[in-house]
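Secondary and tertiary structure notes
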Amino acid sequence: MSAATADNLLLLFDRPNEPIFTPKGNEKKIIQVPEEYLRGRYKELNSADAVEYRFASGSSERIPVKPIPNPGLALPESLKKDAKFSLFIPLHEQMATQVIDFLLGMKNMEDFWAAAVYFRANLNPQLFNYALSVAMLHSPETQDSDLYPLHSLFPEKFFDGEVLYRAREEVEITRPEADERITIDIDRNFSGSDLDIEHRLAYFREDIGVNLHHWHWHLVYPTSPRDIADKDRRGELFFYMHQQILARYNMERFCNNLSRVKRLTNFRDPIREAYFPKLTATQSSKNWVGRGSNAVMQDISRPEENLFFDIQHLERWRDRLFDAIDLGYVINTKGEKVQLTEKNGIDILGNMVEASDLSINKPYYGNLHNMLHMAIANIHDPDFRHLEFASVMGDSATAMRDPVFYRLHMAIDDIFQTYKSTLPGYPVQELYFRNVRVNKLSVQVEGKDENQLFTFWKKSAVNLSNGLDFIERGAIYTNFIHLQHQPFTYNIEVSNQGSERKGTVRIFIAPKYDERGETLLYKDQRKFFVELDRFTVDLSKGTQMIKRKSEHSSVTIPFERTYRDLGKKRPGFGERLERFNFCGCGWPHNMLIAKGTETGYPCQLFVMVSNFADDEVEDDSSSDECKDAMSYCGVRNKKYPDARAMGFPFDRNAREDVTTLEEFMTPNMKVTDVKIFHLGNKIDS
Ligand code: CUO
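Only a predicted model underlies this, so the values are computations on that prediction, with no experimental measurement involved. (Residues numbered from 1 in each chain as written. Predicted model: local features only at pLDDT ≥ 70, side-chain atom pairs only at ≥ 80, totals over all residues. Heavy atoms only, no water.)

Comments concerning the state of the cysteines
- In this structure the tally under the stated criterion is one disulfide.
- Across a sulfur-sulfur distance of 2.2 Å, Cys585 and Cys633 are joined as a disulfide pair. Measuring handedness by torsion sign, the sulfur bridge of Cys585 and Cys633 sits at about -75 degrees and is left-handed. Here Cys585 is found in the loop between α20 (559-563) and β16 (587-588), whereas its partner Cys633 is found in helix α22 (residues 630-633), with 48 residues between them in sequence.
- Residue classification places Cys585 among the buried positions, given a relative accessible area of 3%.
- There is no disulfide at Cys255, and the cysteine sulfur nearest it, in Cys603, is 6.4 Å away. (Disulfide = S-S within 2.5 Å. Helix = DSSP H or I, 4+ residues; strand = E, 2+ residues; numbered from the N terminus. Buried < 20%, exposed > 50% of the residue type's maximum accessible area, 1.4 Å probe, protein only.)

Pasting the structure below:
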């Protein structure tokens, strides 16, 4: 039987910091690494004797590798094993691209496997994880195989360092078969105290599922290589997914008595927000550094990462982007004008701002978003004199923990919103759905009064063992506390006086008042609307009641899929980890609605039924998988399944003469006041 199976490829993710020749997986399989794949001491340790010794300690199976010639050619310059890999660093991205291209260029699966083993043996573990994940997600032969969730492989990116230390101790001093192991509790307040007002939002910023979603989104929508980056409306989705994160975060801030996020408009201002992540790298002395209050961005000159740019570059790129918006066109690399049209302008800008390989002119418009991440991520060591690596802001798996992430993204969103404000407001006929009227809208939690939602704290457990290198195997669980809500149902009464048709139901929620308690005007409120769900319905003639459950949201994925083998503690040890794939992208369901307040946070729930004939997207590809979080993640191998602008109908300012949401409404829309109650400090376990 061929060794090039998806299961064997998955073994290459296991215990990422251990050498390739140690037993892999819970079945302790041995990969027979070709001698020429290894260097120095590892070559000796891979000798026949040494392998036999490891077999004696309970290994079950040998997996052969038929070597391929010169896989090292894909690595002209490699990243040190203990360096922090960052997708935001162009050099690292190029290295990953070379590896991805090499893997995807293999003529068969046998060679893909052999090349992957070589890279596993020789690459920086984080670079390897990223490159193999992208290659597997985009190769027809492997895209259906599931990947390990990142938190199980690199727990140091998700969990307090102290917890990992205690987990290691627990594994070493207990016997798994004797059921002696305790579950380690994570202190909810591990990263800061209430002296820092920003700490009130730690439950959102440090939520494991929120960070996994963000990492997964960037894995599914890489900026490079070009043919993989080239997905339908990816630039627009970059704008929309991050805009929605900001809308959610701002609503969460209002619930916690904080004002909206301030844009980071002046790159030379001291950054008031400090952040100390308390994450400790397990594989090296390179920890995740913190940032004190009032740090100031400096010009970056880090030879190790070939990263050189000045704050002035950031300013110039930003100004050029705003110029392009004011002029209505961008200049491509041939010096030609490319109009920013109503249909594709936001997509062009999204790819330029990030910037992906689809950028129309990278030399001129630069790499604003990624370099802003790096300027902040290296604020503590801009010229690498202290040999320190990037902070959490340099990694898509950790960046959302830092309060400054949201300030950076408000500045990025400002570019997109400035562009959107150049577009005419939707005329009534574009919003209208002839003969269709929404009569009533409500939400219902079972056994509670109408239009009241409830959130609470819940305790769940996660198994850390696959990411704890160099210690005995066996499950070790840690408890974490996260937000959760009581499930609810939308009740939407629709009347259709026309013929039988299809409609798209679009459900959003927004704060009713701003941070000063004033009723929000449409021009502000539209940016605070959080998408909750979007789905198609058949509209028969007459009046009908549409009932839709919260757990079917097109924005979220189920708790179990986000967290894989988190959730309940399963009996026994040594069980195989659950896996996931593209479908791992999606907002975590437990974070669907904001926390609310104990007295009930006032919101407006909005529904619109639009004409499906205007929303439909022609796509004859057969794939229909992983569509349950399509709003923020798209659908695998398909076009984005909604022809309207992302965020429709709130993506633009309103037509003239509209100042309030009520004035904006057409008969196929409805708004209802809803309150979100937070059920205090009781923790549900
Ligand atoms: Cu997702 Cu700034 O893009 O992190």
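Topic: the pairing of strand β10 (residues 477-485)
- Counted residue by residue, β10 has eight buried out of nine residues, so it is predominantly covered.
- Note that strand β9 (residues 452-463) and β10 share nine bridges and pair antiparallel. Paired with Phe456 across the bridge in β10 is Gln484. (Pairing = 2+ DSSP bridges.)

Considerations on unusual backbone geometry
- For the bond from Ser224 to Pro225, the omega torsion is -10 degrees, close enough to zero to count as cis.
- The topology assignment puts Pro225 in the loop between α10 (208-220) and α11 (226-229).
- Cis rather than trans, the peptide bond between Glu354 and Ala355 has omega equal to -5 degrees.
- Here Ala355 lies in the loop between α14 (345-354) and α15 (362-365).
- Positive phi, close to 60 degrees, is recorded for Asn257, a residue that is not glycine.
- Checked against the element boundaries, Asn257 lands in the loop between α12 (234-255) and β4 (300-302).
- Positive phi is not limited to glycine here, since Asn451 has a value of about 60 degrees.
- By the element assignment, Asn451 lies in the loop between β8 (436-444) and β9.

What to know about the environment of Thr341
- Within the fold, Thr341 resides in the loop between β7 (337-339) and α14.
- When the C-alpha atoms of Thr341 and Tyr329 are compared, they prove to be 8.3 Å apart, with twelve residues separating the residues in sequence.

Some details on the pattern of salt bridges
- Within this structure, the stated rule accounts for 33 salt bridges.
- Linking Glu354 and Arg234 is a salt bridge whose minimum nitrogen-to-oxygen distance equals 2.8 Å. Note that Glu354 is positioned in helix α14 and Arg234 in helix α12, a separation of 120 residues in sequence.
- Here Glu354 falls in the buried class, since its relative accessible area comes to 1%.
- The residue Asp651 makes a salt bridge to Lys420 at a minimum N-O spacing of 2.8 Å. Residue Asp651 is located in the loop between α22 and α23 (661-664), and its partner Lys420 is located in helix α17 (residues 403-420); the two are separated by 231 residues in the primary sequence. In this structure, Asp651 and Lys420 share a single accessibility class: buried.
- Put simply, Arg506, Glu531, Arg534, Asp614, Asp615, Asp642 and Arg644 are held in one network by salt bridges that share partners. (Salt bridge = Lys/Arg side-chain N within 4 Å of Asp/Glu carboxyl O.)

Some thoughts on the confidence of the model for the chain
- Chain-level pLDDT for the chain is 89 on average; 92% of the residues reach the 70-or-more range.
- Scored below 50 in pLDDT, residues 566-581 shows 54 contacts in the model against residues more than four places distant or in partner chains. (pLDDT = per-residue confidence, 0-100. Contact = heavy atoms within 4.5 Å.)

Some remarks on the domain arrangement of the chain
- For the chain, the assigned domains read domain 1 (3-145), domain 2 (197-420) and domain 3 (428-465 + 478-566 + 580-684).
- A separation of 31 Å is found between the C-alpha centroids of domain 1 and domain 2.
- Taken together, the contact between domain 1 and domain 2 spans 25 residues of the former and 32 residues of the latter.
- Carbon and sulfur atoms supply 61% of the area buried between domain 1 and domain 2, which totals about 2,300 Å² over both sides.
- Counting the surface domain 1 buries against domain 2, the share from its top three residues, Asp82, Lys84 and Phe88, is 33%.
- Run the count over domain 1 and domain 2 and you get four residue pairs in polar contact (both at pLDDT 80 or more).
- Put simply, the parts of the chain that give the side of domain 1 that touches domain 2 at least two residues each are α4 (90-104) and α6 (125-138).
- When residues of the side of domain 1 that touches domain 2 are assigned to their parent elements, the largest contribution, eight residues, is made by α4.
- Within the side of domain 1 that touches domain 2, the residues separate by chemical class into eleven nonpolar, eight polar and six charged. (Domains from an automatic or database assignment. Buried area = accessible area lost by both parts, 1.4 Å probe. Polar contact = N/O pair within 3.5 Å; in protein donor to acceptor, adjacent residues only side chain to side chain. Nonpolar A, V, L, I, M, F, W, Y, C, P; charged D, E, K, R; others polar.)

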